[in-house]
Amino acid sequence: MTSDSNSPNPAQDGGTTTTTETSDATDAVADSKASMSLSDADTLVELQNVRKYYPIRTGLLQRHTSDVKAVDGVSFDIREGETFGLVGESGCGKSTLGKTVLHLLEPTSGQVIFDGTDLSSLSSAELRQRRRNIQIIFQDPASSLNPRMSVEQLIEEPMASLTDWSKDRRKRRVHELIQEVGLSVEHLPRRPHEFSGGQQQRIAIARALSVNPQFIVADEPTSALDVSVQAKILNLLKDLQAEYDLTFLFISHDLSVIRNLCDRVAVMYLGEIAEIAPTKVLFDRPKHPYTKALLSSVPTMDGLQDDRIQLEGDVPSPENPPTGCRYHTRCQEYIGPICEEESPELKLVDDAQICACHHYE
């Protein structure tokens, strides 16, 4: 097995720099400018009340008795050229939502609109053509790469399937991409098992880029990698986004990764969106109690935070979620029966910041 030593020079990691203290007024101006620049961009992906339920069937006749509500009424938009983060606990529906956005999973209801077209309205042939513009990087590169194919075949396969490019053009593209992701042409004849995890993920990234997509869902692309390799992959994604003008939906449970990579962040809890805000605003001034609890759990250089919020109880089952606000059974800011009886709607509570909480109604 080879090591992940053939790496491009990483871009300077914005998360490692330090700044002096600034005033609240300066922060507000910076946040306002950031939100204005994002709002000026065109919307590339729009989700409207998207649901993905898995039916539960019981008995001899396999009658439909209930549903696992993996994604339940999710709405947001992703603007062209941005990295939109999706964060939450394991099992909250992040990966299911990512696959539903790409129509790898058919939504139970709702609309996924890509570049002005509702993907649910497309035929199989039309959706296949759209695959050129929407790709995915899976969490585990080893399981997403066919072990019987060479690296060259793996990168060329999407082009052979989704384009009418000639063999020579596809070969040139393969050679360009393998070097773009920090590997060499000498690696092309090898099989995936001959590479380290970081190198396998580089191959998966080259494969996703092969057909020149506009939009990529990155489903926890670094969670299976060592920390030192994670930084190299994240820097690679930043460089490639700048070069190819890519738009990302970046799914992760690692808040430090989200903070350094994403322009805006959506916080997901039990299949629903709790809060959406520009990254700096979310980390500096979280509104939803669940967001506050998540951020308080992030370790600092001195260990765990002194004011860490300890959540009580387990995450409820998505088969039978709580009535009203789904977070009320664990909420540290519970305000009364309204939390149990009425489901809060996402509402604008600050500049470019929306939150689903009865505190802001």
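Quick caveat: nothing in here was measured; it's all calculated off a predicted structure. (Residues numbered from 1 in each chain as written. Predicted model: local features only at pLDDT ≥ 70, side-chain atom pairs only at ≥ 80, totals over all residues. Heavy atoms only, no water.)

The N-to-C vectors of helix α5 (residues 151–162) and helix α7 (residues 197–209) enclose an angle of 30°; their axes lie 7 Å apart at closest approach. Taken together, α5 and α7 sit at an angle that is classed as roughly parallel. Our pair here, α5 against α7, has a crossing hand that is right-handed. Of the residues in α7, those in contact with V151, L154, I155, E157 and P158 of α5 are I203, A206 and R207. Classifying every residue of the contact of α5 with α7 gives six nonpolar, no polar and two charged. (Axes fitted to C-alpha atoms, helices over the stretch in contact; angles between N-to-C directions. Helix = DSSP H or I, 4+ residues; strand = E, 2+ residues; numbered from the N terminus. Parallel < 35°, antiparallel > 145°, perpendicular 65-115°, else oblique. Left-handed = near helix turned anticlockwise from the far one by under 90°. Contact = heavy atoms within 4.5 Å. Nonpolar A, V, L, I, M, F, W, Y, C, P; charged D, E, K, R; others polar.)

Grouped together as the largest cluster of nonpolar side chains are 56 residues, with contacts concentrated most on I155, I205 and F250. In this structure I205 touches I137, V181, I233, L236, L237 and L240, once residues within four positions along its chain are discounted. (Core = buried A, V, L, I, M, F, W, Y, C linked by side-chain atoms within 4.5 Å. Buried < 20%, exposed > 50% of the residue type's maximum accessible area, 1.4 Å probe, protein only.)

Here we come to the packing of aromatic side chains. Overall, the coordinates contain five aromatic pairs when judged by the stated rule. Ring plane angle 85° and centroid distance 5.2 Å describe the contact between Y269 and Y327, whose orientation is recorded as edge-to-face. Here Y269, found in strand β9 (residues 264–269), pairs with Y327, found in the loop between α11 (289–296) and α12 (337–341); they are 58 residues apart in sequence, far enough to count as distant. Taken together, the ring pairs connect Y269, Y290 and Y327 into an aromatic cluster. Just above the ring of Y54 sits the side chain of K52; from NZ or CZ to the centre is 5.3 Å. (Phe/Tyr/Trp six-rings, centres within 6.5 Å; stacked < 30°, edge-to-face > 60°. Lys NZ or Arg CZ within 6 Å of the ring centre and 35° of its normal.)

Positive phi, close to 50°, is recorded for Q62, a residue that is not glycine. Mapped onto the fold, Q62 is located in the loop between β1 (43–58) and β2 (63–79). The partly exposed category is assigned to Q62, whose relative accessible area is 43%.

What follows concerns the side chain of D118. Structurally, the position occupied by D118 is in strand β5 (residues 117–118). The charged side chain of D118 is buried without a salt bridge, its nearest counter-charge being R130 at 10 Å. The residues contacting D118, other than those within four sequence positions of it, are Q111, V112 and I113. (Lys, Arg positive; Asp, Glu negative; His and termini not counted. Salt bridge = Lys/Arg side-chain N within 4 Å of Asp/Glu carboxyl O.)

Another aspect to go through is the pattern of salt bridges. Evaluation of the coordinates by the stated rule reveals 14 salt bridges. With a shortest N-O distance of 3.3 Å, R330 and E89 are connected by a salt bridge. Of this pair, R330 sits in the loop between α11 and α12 while E89 sits in the loop between β3 (83–87) and α2 (94–101); the two residues are 241 residues apart in sequence, bridging distant segments of the chain. Among the residues examined, E89 registers a relative accessible area of 24% and is labelled partly exposed. Notably, a salt bridge pairs D284 with K280, separated by 2.7 Å at the nearest N-O pair. Note that D284 and K280 are positioned in helix α10 (residues 279–284) at a spacing of four residues, about one turn of the helix.

Compared with an ideal rise of 1.5 Å per residue, which puts 13 residues at 18 Å, α7 spans 19 Å between its outermost C-alpha atoms and is within 8% of the ideal. At its buried positions, α7 is contacted by β6 (134–137), α4 (141–144), α5, α6 (167–180), β7 (215–219) and α8 (227–244). (Expected span 1.5 Å × (residues − 1).)

Attention now goes to the confidence of the model for the protein. On average, residues of the protein score 86 in pLDDT, and 87% of them reach the 70 mark or higher. Within the protein, β3 carries the highest mean pLDDT (97), whereas helix α1 (residues 24–39) carries the lowest (43). The model gives residues 5–38 a pLDDT under 50, and that stretch makes 32 contacts with residues more than four places away or in other chains. (pLDDT = per-residue confidence, 0-100.)

Here we come to the packing of α7 against α8. Contact geometry of α7 with α8 gives a least axis separation of 10 Å together with a crossing angle of 15°. When the axes of α7 and α8 are compared, the pair comes out roughly parallel. When you trace α7 past α8, the crossing you get is right-handed. Contacts between α7 and α8 involve G198, Q201, R202, I205 and L209 from the first element and V229, K232, I233, L236, L237, L240 and Y244 from the second. Of the residues contributing to the contact of α7 with α8, the split by class is eight nonpolar, two polar and two charged.

Before going further, it helps to examine empty space enclosed by the protein. Inspection of the entire model under this criterion finds two cavities of 30 Å³ or more. The space that makes up the largest cavity amounts to roughly 80 Å³. Lining the largest cavity are H288, P289, C325, Y327, H328, C331, E333, C339, C357, H358 and H359. Its residues assigned to classes, the lining of the largest cavity shows six nonpolar, four polar and one charged. (1 Å grid on protein atoms, 1.4 Å probe; cavity = no way out; pocket = protein on both sides within 12 Å on 5 of 7 lines; lining within 4 Å. Points joined across faces, edges and corners; volume = space filled by probe spheres on them.)

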